[in-house]
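Architecture and fold: a report
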Amino acid sequence: MAKTLELQFINEQDKTVTISLDSPAEPVDPVAVKAAMDAVIAQNVFVSTGGDFVKKKGARLTDRSTSDIVLP
């Protein structure tokens, strides 16, 4: 199973922008995630086509599994 941590931000055009991080350390620490997101915004680390990130929208941990199908 592949896990991904998705950090969601709102940009200057009020659009959602997501940064995905593969294989996050677990258990995910909400305080550390919030601090990292605050740092991304404060340091203006990323810019989207809709402008700078201006606020946090949320974060989520997604879990994906893949199963091969054997064809006859």
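A brief structural summary. Worth saying up front: this structure is predicted, and the values here are computed from it rather than measured.

Turning next to the packing of aromatic side chains. This model, assessed by the stated rule, comprises two aromatic pairs. Here the aromatic rings of F9 and F53 are separated by 4.8 Å at their centres, their planes lie at 25°, and the arrangement is stacked. Note that F9 is positioned in strand β1 (residues 2-11) and F53 in strand β4 (residues 51-64), a separation of 44 residues in sequence. Judged by its relative accessible area of 0%, F9 falls in the buried class. With relative accessibility at 6%, the residue F53 sits in the buried group.

A few words on the sheet that holds strand β3 (residues 47-48). Spatially, four strands are ordered β2-β1-β4-β3 in an open sheet, and the strand pairing comes out antiparallel. Single-partner strands in this sheet number two, and they are β2 (16-22) and β3. Relative to β4, β1 is paired through 10 bridges, and the arrangement is antiparallel. Residue pairing in the sheet places T4 in a bridge with T62 of β4.

In this chain, E26 is followed by P27 through a cis amide linkage whose omega measures 0°. Here P27 shows up in the loop between β2 and α1 (30-42). For D14, which is not glycine, the phi dihedral falls at a positive 60°. Counting through the fold element by element, D14 comes out in the loop between β1 and β2. A relative accessible area of 58% means that D14 is categorised as exposed. The backbone of S23 shows a phi angle near 50°, a positive value even though the residue is not glycine. The topology assignment puts S23 in the loop between β2 and α1.

Quick notes on the rules
Residues numbered from 1 in each chain as written. Predicted model: local features only at pLDDT ≥ 70, side-chain atom pairs only at ≥ 80, totals over all residues. Heavy atoms only, no water. Phe/Tyr/Trp six-rings, centres within 6.5 Å; stacked < 30°, edge-to-face > 60°. Helix = DSSP H or I, 4+ residues; strand = E, 2+ residues; numbered from the N terminus. Buried < 20%, exposed > 50% of the residue type's maximum accessible area, 1.4 Å probe, protein only. Pairing = 2+ DSSP bridges.

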